[in-house]
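Geometric and topological summary
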Amino acid sequence: MNDTIDIQQTFWNSWNASTREKDVGEVSIDQRDVIISWLEGLGRTDLKIIEVGCGAGWLCEHLTRFGQVTATDLSHEVIARTAKRLPEVRFIPGDFMTLDVGGDYDVAISLEVLAHVADQQAFLAKIADLLKPGGRLMLGTQNAPALRMNDIPPPAQGQLRRWTDRHELAQLLGNRFDVSEMFSITPHFNRGLLRYVNAPRVRRLAEALGLGWLHRSIRHTQERM
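None of the values given here were measured: they were computed from a predicted structure. (Residues numbered from 1 in each chain as written. Predicted model: local features only at pLDDT ≥ 70, side-chain atom pairs only at ≥ 80, totals over all residues. Heavy atoms only, no water.)

1. Examining the overall build of the protein chain
A count of helical and extended segments in the protein chain gives 10 helices and five strands. Out of the 225 residues belonging to the protein chain, those deemed buried represent 42%. Summarising the internal contacts of the protein chain: among those between residues at least 6 apart in sequence, 67% fall at separations of at least 24. For the protein chain, the accessible area works out to roughly 12500 Å², and carbon and sulfur atoms hold 52% of it. (Helix = DSSP H or I, 4+ residues; strand = E, 2+ residues; numbered from the N terminus. Buried < 20%, exposed > 50% of the residue type's maximum accessible area, 1.4 Å probe, protein only. Contact = heavy atoms within 4.5 Å. Areas by Shrake-Rupley, 256 points an atom, 1.4 Å probe, with all protein chains shown as cover.)

2. Observations concerning the environment of D104
Take D104: it is sitting in the loop between β3 (90–93) and β4 (105–111). Taking the C-alpha atoms as reference points, D104 and L130, separated by 26 residues in sequence, lie 5.7 Å from one another. Ignoring anything within four residues of it in the chain, the contact list for D104 reads K48, L130 and K132.

3. Focus on the sheet that holds strand β1 (residues 47–52)
Two strands in a sheet stick together by hydrogen bonds in their backbones, pointing the same way (parallel) or opposite ways (antiparallel). The parallel open sheet is built from five strands, whose spatial order is β3-β2-β1-β4-β5. At either end of the open sheet lies a strand with only one pairing partner, and these are β3 and β5 (131–140). Neighbouring strand axes in the sheet, compared pairwise and without regard to direction, differ in orientation by 20 degrees on average. Judged from the six bridges that link them, β1 and strand β2 (residues 67–73) form a sheet pairing that is parallel. Looking at β2, one finds that I49 is bridged to V69. (Pairing = 2+ DSSP bridges. Axes fitted to C-alpha atoms, helices over the stretch in contact; angles between N-to-C directions.)

4. Remarks on the pattern of salt bridges
Side-chain pairs of opposite charge can arise where the charged atoms are in close proximity. Enumeration according to the criterion identifies eight salt bridges in this entry. For the salt bridge of R44 with D46, the shortest nitrogen-to-oxygen distance reads 2.8 Å. The class of D46 is exposed, set by a relative accessible area of 53%. Note that E61 is salt-bridged to R85, the shortest N-O span being 3.1 Å. Of this pair, E61 sits in helix α3 (residues 60–63) while R85 sits in helix α4 (residues 76–85), and the two are 24 residues apart along the sequence. It is possible to trace a salt-bridge network through shared partners that takes in R44, D46, D106 and K132. (Salt bridge = Lys/Arg side-chain N within 4 Å of Asp/Glu carboxyl O.)

5. Section: the nonpolar core
Counting residues in each nonpolar core, the largest one holds 22 residues, and the members touching the most others are V101, F123, L124, I127 and F177. At the level of secondary structure, the elements contributing two or more residues to this core comprise β1, β4, α5 (120–130), β5 and α7 (166–174). Looking at which element gives the most residues to this core, the answer is α5, with five residues. Contact partners of F177, with chain neighbours within four places excluded, come to L124, I127, A128, L131 and L137. One finds I36, L59, V69 and I79 within the second-largest nonpolar core, a separate group that totals 21 residues. (Core = buried A, V, L, I, M, F, W, Y, C linked by side-chain atoms within 4.5 Å.)

6. Points about α5
Every buried residue of α5 is accounted for by Q120, F123, L124, K126, I127, A128 and L130. Residues of α5 that are buried sit in contact with β1, β4, β5 and α7. Backbone nitrogen of Q121 and a side-chain oxygen of the N-cap are separated by 3.3 Å at the start of α5; the cap is D119. (Polar contact = N/O pair within 3.5 Å; in protein donor to acceptor, adjacent residues only side chain to side chain.)

7. Details of the packing of helix α1 (residues 3–18) against α4
Their axes nearest at 7 Å, the elements α1 and α4 cross at an angle of 45 degrees. Taken together, the axes of α1 and α4 are oblique relative to one another. Here Q9, N13, N16 and A17 of α1 come into contact with α4, specifically with H76, E77, V78 and R81. Here the contact of α1 with α4 is built from residues that sort into two nonpolar, four polar and two charged. (Parallel < 35°, antiparallel > 145°, perpendicular 65-115°, else oblique. Nonpolar A, V, L, I, M, F, W, Y, C, P; charged D, E, K, R; others polar.)

8. Quick notes on the pairing of β2
Within β2, six of the seven residues are buried, which leaves it mostly tucked inside the rest of the structure. Sheet analysis places β2 next to β3, joined by four bridges and oriented parallel. Its bridge partner being in β3, T70 is matched across the sheet by R90. The β-α-β motif built from β2, the intervening α4 and the parallel element β3 has right-handed crossover chirality. (Right-handed = clockwise from strand over helix to strand, strands pointing away.)

Keep in mind these numbers describe shape, not what the thing actually does.
Printed below as a string of structure tokens:
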């Protein structure tokens, strides 16, 4: 493993241990619900599934009812702990781009990983090669225009960051995939008026006042935009 991957591995071991092993936030929960809805739409329980960039395995435990699950992540220390908790999942730690994870998968899932890999085109090409004909990629990634409306610290050492907008994402995917759906969910902003519109406290207050429908309508409008 080269020095660059070593540094990335150190970062992601630390990040996952301090975040995903402790809590799964609203954004991840919403992504999980979309993935589960897509999988339920396939109407199968015998799928061969791979999750690329599984972190602490918070999604894996929800995937096993749909079939056989393989999961991989650079965070080898976190993977070791997760494997003990979820023995029914096959975990493969290491750099995805150099790993042999098998093939002929029905479904590949990757959430918030694309922005953190050095060669996005090669990353997507490898996923495509893992899928059997007619296989599906279920991908979630950061929305560049939305994130640029936030104050976000610069990347830490070992954290690659290349956000994409919908046009860039469509171009990346278009080389190997036919895109069936592309949409945004869970807008978050920490500056300007939208900071207050989307604040959890405002959402809870709206629900308490019976105005949850209005808050959800505003959120859906932001997602469509």
